[in-house]
Amino acid sequence: GVALAKAAAAKVTAITVTVPFHVFAIDPDMLTDTSGSYNKRVAAVAAKYLGQVKDAAAAAGVNCDVIRAEHEHPYQAIIDAANRNGCDLIVMASHGRRGVSALVLGSETVKVLTHCAIPVLVYR
């Protein structure tokens, strides 16, 4: 995404979205966490990922803003942020899940593709 932004002389807005902590959850990480430890852990992971994008953008000479959001539906937070920030393109990765795991877990990428009017580039 950063290389594409550099080639197009564009700006990058990086976002990471976490779901709020739930006492009853199917996410194995939430089953062993308390609210405080979950929030601390996801904040650290988000800072790591956003830092990597910010560093890559700086190295490429690309202007970059970062957003850490919490939302019950991550795909919606991505779409909302893209609309608020005037994004012309959303670049997302695909984990390439197949079979039952794809059906059960769903795909935030597919949801963004389905519900967003902004073009989406999926990298796999």
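Residues numbered from 1 in each chain as written. Predicted model: local features only at pLDDT ≥ 70, side-chain atom pairs only at ≥ 80, totals over all residues. Heavy atoms only, no water.

**Q** Lay out the overall build of the chain with the relevant residues and their values.
**A** Secondary structure summary: the chain contains six helices and four strands in total. Its helices and strands taken in sequence order, the chain reads α-β-α-α-β-α-β-α-α-β from the N to the C terminus. Per-residue burial over the chain gives 27% buried out of 124 residues. Taking as baseline every contact in the chain between residues at least 6 positions apart, the subset at least 24 positions apart corresponds to 69%. Of the roughly 8100 Å² that the chain leaves accessible, carbon and sulfur atoms contribute 58%. (Helix = DSSP H or I, 4+ residues; strand = E, 2+ residues; numbered from the N terminus. Buried < 20%, exposed > 50% of the residue type's maximum accessible area, 1.4 Å probe, protein only. Contact = heavy atoms within 4.5 Å. Areas by Shrake-Rupley, 256 points an atom, 1.4 Å probe, with all protein chains shown as cover.)

**Q** Talk me through the environment of Ala77; I want residue IDs and the actual numbers.
**A** Considering the arrangement of structural elements, one finds Ala77 in helix α4 (residues 74-84). For Ala77, a relative accessible area of 6% corresponds to the buried category. Considered as a pair, Ala77 and Thr16 are 61 residues apart in the sequence and their alpha carbons are 9.1 Å apart. When residues no more than four places from it in sequence are discounted, the contact partners of Ala77 are Ile15, Val17, Ala69 and His71.

**Q** Pulling in residues and values, what's your account of the pattern of salt bridges?
**A** Applying the stated criterion across every chain, the model contains two salt bridges. Residue Asp65 pairs with Lys11 through a salt bridge whose shortest N-O separation is 2.6 Å. Of this pair, Asp65 sits in strand β2 (residues 64-70) while Lys11 sits in the loop between α1 (2-7) and β1 (12-18); the two residues are 54 residues apart in sequence, bridging distant segments of the chain. Across the pair Lys111 and Glu108 runs a salt bridge whose closest N-O atoms are separated by 3.7 Å. Residue Lys111 and its partner Glu108 are located together in helix α6 (residues 108-115), separated by three residues, close to a single helical turn. (Salt bridge = Lys/Arg side-chain N within 4 Å of Asp/Glu carboxyl O.)

**Q** Describe the packing of aromatic side chains, with residues and values.
**A** Centre distance and the angle of the planes are the two values used to describe a pair of aromatic rings. Counted under the stated rule, the structure contains one aromatic pair. The interplanar angle of 50 degrees and the centroid separation of 5.5 Å between the aromatic rings of Phe21 and Tyr38 together place this pair among those described as tilted. In this pair, Phe21 sits in the loop between β1 and α2 (28-31) while Tyr38 sits in helix α3 (residues 35-60), placing the two residues 17 residues apart along the sequence. (Phe/Tyr/Trp six-rings, centres within 6.5 Å; stacked < 30°, edge-to-face > 60°.)

**Q** Provide a residue-level description of unusual backbone geometry, including the pertinent values.
**A** You will see that Ala9, though not glycine, has its phi angle at about 55 degrees, which is positive. Mapped onto the elements, Ala9 comes out in the loop between α1 and β1.

**Q** With reference to specific residues and values, describe the side chain of Thr16.
**A** As for its position among the elements, Thr16 is in strand β1. Note on Thr16: relative accessible area 15%, which makes it buried.

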